[in-house]
Every structure is written in C-alpha cells, then in structure tokens.
Amino acid sequence: AKRMGRNQFVIFDATLRNIAITNKKVADELLAALEDDQFEVFYQPQISARTLEIQGVEALVRWRHPTRGQLAPSHFIGTAETTGSIARIDAVVLKKASAQFQAWRQDGIALPHISVNISAQRLIDPALLQSIAESQLDPGQLCIELLESISFDDQDTSLETAVSAIKSLGVDVEIDDFGTGYASILSLLSLSPKRLKIDRQLVLPITTGQSQRRLVASIVEIGKALGIEVIAEGVETAEHVRILRELGVDSFQGYFFAPPLSGNALESFVRERGWF
Ligand code: C2E
Ligand code: CA
Ligand code: CA
Ligand code: CA
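Heads up: these notes are all about the structure in this document. Sequence order as written defines the numbering, with residues in each chain counted from 1. Think of it this way: whatever chain is written first is A, whatever ligand is written first is 1, and the rest follow in order. Where totals are concerned, whole chains, interfaces and linings use all residues; where local detail is concerned, this predicted model gives features only for residues with pLDDT of at least 70, and gives and counts side-chain atom pairs only at 80 or more. Excluded from the side-chain calculations are hydrogens and water; all other atoms, namely the structure's heavy atoms, are used.

1. As for the overall build of the chain
In step 1: Secondary structure assignment for the chain yields 11 helices and 9 strands.
In step 2: Each radius of gyration is computed over the set of C-alpha atoms, and the globule rule expresses the reference value as 2.2 Å times the number of residues to the power 0.38. Over its C-alpha trace the chain gives a radius of gyration of 20 Å, about what one expects of a compact globule, namely 19 Å for 276 residues.
In step 3: The principal-axis extent of the C-alpha atoms belonging to the chain is close to 65 × 45 × 40 Å.
In step 4: In the chain, buried positions account for 43% of the 276 residues.
In step 5: Contact criterion: two residues are considered in contact whenever any of their non-hydrogen atoms come within 4.5 Å of each other. Intrachain contacts of the chain at a sequence separation of at least 6 include 65% that bridge at least 24 residues.
In step 6: For every accessible area listed, the method is Shrake-Rupley and the probe measures 1.4 Å; residues are considered covered only by the protein chains on display. Carbon and sulfur atoms provide 53% of the accessible area of the chain, an area that totals close to 14000 Å².
In step 7: With 27 positive and 35 negative side-chain charges, the chain shows a separation of 6 Å between the mean positions of the two kinds. Only DSSP runs of H or I with at least four residues qualify as helices, and only runs of E with at least two residues qualify as strands; both kinds are numbered from the N terminus onward. Only protein chains enter the accessibility calculation, which uses a 1.4 Å probe; a residue whose area is less than 20% of its type maximum is buried, one above 50% is exposed, and one in between is partly exposed. We treat Lys and Arg as the positive residues and Asp and Glu as the negative residues; His and chain ends play no part in the count. The atoms used to mark charge sites are NZ of Lys, CZ of Arg, CG of Asp and CD of Glu.

Printed below as a string of structure tokens:
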C-alpha cells in the first residue's frame, strides 16, 4: 500500500508539474499576445423584455491565437487571473469596447449601454479608475459586470469602497452570475448595483418545473424590492423568453437572440432588424 501511495504521489507530482509548465507557457504567451495585440472583443446583444429591442451589449474577450485560432475566455482567463495579466487584458477590452461603442454612435447606432467584465480582484486596483476615466464614455453608458467568483464578504469594505468609487464616476455596476457564487442578498444591500444578472444555470432549467421557475421568480422579487434591474443570461429558446417575461425579468441575453458577435456583425444584426 505504501508503494502504491508513493507511485500515486509520483504521478500526482508529475501532473502538477505538467500543469505548472503549461501555465508558465500560457502565461508567457499571454504577455506576448498583449504585446502583439491578439485580443479581440465580441459583443452579445442584451434585449429589453418590454420592447424586445436591443438595449445594450456585453463585451466578451476572444484571443486570436496565431496557431490555435480563436480561443474563448475559458482557455486563458484562469491563467490570466493567477499570473496577473488579467488586469492588462481587462484594460485592453475596456479600451477597445469603448472605442467600438463610440464608433457605432458615429454610425448612428446609439446603443444605450455597453457592459464590460472586470475581475473582482482588479476592482481594488486604482489603475481601473484611470482606464474608466480614459474611456471617454458618458455616465450611464458604461456598466461594469462584477463576477461573484471571489467572496463579496460583508466585512470586506475595500470592495464596497471600490464599488462606490466606480459609481461616483457615473459607471453602473452589475452583479454577474447571481445565484451561483458568493454574492449574497446582503451584498445587494451594501453594493446596491444597478442590475443583477441571473446565471444561466438557473435560467436554463426553468422549462423543466415549477420550483425552478419559482427560484427565478423570487430573485426577480428581490430585485423589484430593492429597485435593482434583473437580466437573465443563457436565454436559448422561445419558451425561455415566454416564461421569463411572465416572471417579470427586465432583459434577456442569450443564443435565442444572438451569440457574441464581432463589431461588424453586431452592426449588421441591428441594421437588419431596423433598430437603427
Ligand atoms: P459571462 O460573463 O457569464 O459571459 C457569458 C458567457 O455565456 C459567454 O461565454 C457567452 O458566450 C456565453 N453565452 C451567451 N449566451 C449563451 C446561451 O444562450 N447559452 C449558453 N450556454 N451560453 C451563452 P464566453 O464569451 O466564453 O465567456 C466566458 C466567461 O469569461 C464570461 O462569462 C466571463 O466571466 C469571462 N470573460 C469574458 N470576457 C472577459 C473579459 O474581458 N474580462 C474578464 N475578466 N472576464 C471575461
Ligand atoms: Ca458577464
Ligand atoms: Ca454571467
Ligand atoms: Ca455565467
């Protein structure tokens, strides 16, 4: 048994070493990619439940890798977070997204807002306020989606301070992936975000039963009680749309309406529908 244990340890150790080597490789590649401007931004429409028209877009990063093609965030965000390059990636996304938003406006596509994802660890970074100030967006046009993957501890006043600093710039804050991570109902009171986004793990199963629907209904109730808008992600079918409208969700995002699109594709998408 001892021997087996040692073998297992050796295997485990080798696995860990391989992970470490892979991470180091990706980390180096991420830095090179930043230098070489390989990050692109895609945009997914957010649709008003009331008008069924576009009310904004969420900016989602893509890595145009020289040999592996276009990579989704799941391939690199984790490493970027642990190695610290996430701050620079988020800054690039914010810069490109705000430039695109302005360019659309000049082409007559006046979207009400654009949402950008910021890793919560970066929220307490003063350079973020700098990049927001440099983004040249008007108050109310920019929304920061805060992922609840790190704990929104009610003792952690630094997060609260950071959120109020961002809000004082006229930027809206949204709690992302609500209902599956750390963000508590209490954090809604202390952070008072403009919007909360119901995670798709809660949205997808609403077609399967009453309790799944009631769960979403109660999140909508909480939003209403606190004056916080509610958006649902992972809206994939007409059935989802019908039920979510009945439940009083304010807006939708998901493949039923559109996947994340390049800047040009988003422009065609809104023009084809005669929205602008
Ligand atoms: P998220 O913020 O929850 O973004 C929504 C994800 O769901 C996107 O994946 C989107 O493509 C996908 N999605 C959209 N509609 C549907 C649908 O109807 N069904 C299903 N099953 N999925 C849908 P994506 O683009 O791969 O992004 C994954 C995550 O990476 C994001 O999750 C976000 O947490 C993170 N991320 C993306 N861009 C950035 C960024 O610029 N900075 C940071 N820090 N994180 C980012
Ligand atoms: Ca998001
Ligand atoms: Ca989300
Ligand atoms: Ca999610």
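2. Quick look at the coordination of the calcium ion (ligand 2)
In step 1: Because water is not among the atoms used, a metal site may look incomplete, as its donors are only the N, O and S atoms within 2.8 Å, or 3.2 Å for Na, K and Ca. At this site the calcium ion (ligand 2) is bound by Glu58 (OE), Asn117 (OD1), Glu145 (OE) and Asp176 (OD), with donor distances of 2.2 to 2.3 Å.
In step 2: Of note, the donors binding the calcium ion (ligand 2) are all from one chain and are spaced E-x58-N-x27-E-x30-D.

3. Things to note about the coordination of the calcium ion (ligand 3)
In step 1: Bound to the calcium ion (ligand 3) on the protein side are Asp176 (OD), Asp177 (OD) and Glu233 (OE), at distances that span 2.2 Å.
In step 2: Mapped onto the sequence, the donors of the calcium ion (ligand 3) take the spacing D-D-x55-E.
In step 3: Between the calcium ion (ligand 3) and the calcium ion (ligand 2), a separation of 3.7 Å is found, and both are coordinated by aspartate 176.
In step 4: Given a relative accessible area of 4%, aspartate 176 falls into the buried group.

4. A short note on the site of ligand 1
In step 1: Around ligand 1 lies a shell of 22 residues, among which Arg62, Asp90, Arg200, Glu236 and Tyr255 are the nearest.
In step 2: The term polar contact refers here to a pair of N or O atoms within 3.5 Å; inside protein, the definition further demands a hydrogen-donor-capable atom paired with an acceptor-capable atom, and it admits residues adjacent in sequence only when both atoms are side-chain atoms. Interatomic distance of 3.1 Å between a backbone N/O atom of valine 61 and a nitrogen atom of ligand 1.
In step 3: Here an oxygen atom of ligand 1 sits 3.4 Å away from a polar atom, N or O, in the side chain of aspartate 177.
In step 4: Taking 800 Å² as the accessible area of ligand 1 by itself, protein coverage stands at 85%.
In step 5: The set of elements that each furnish at least two residues to the shell around ligand 1 consists of β2 (54–65), α3 (86–106) and β6 (172–178). Nearness is judged by heavy atoms alone; a residue qualifies as near a molecule or strand once a single heavy atom is within 4 Å of it.

Geometric values such as these leave the question of function open.
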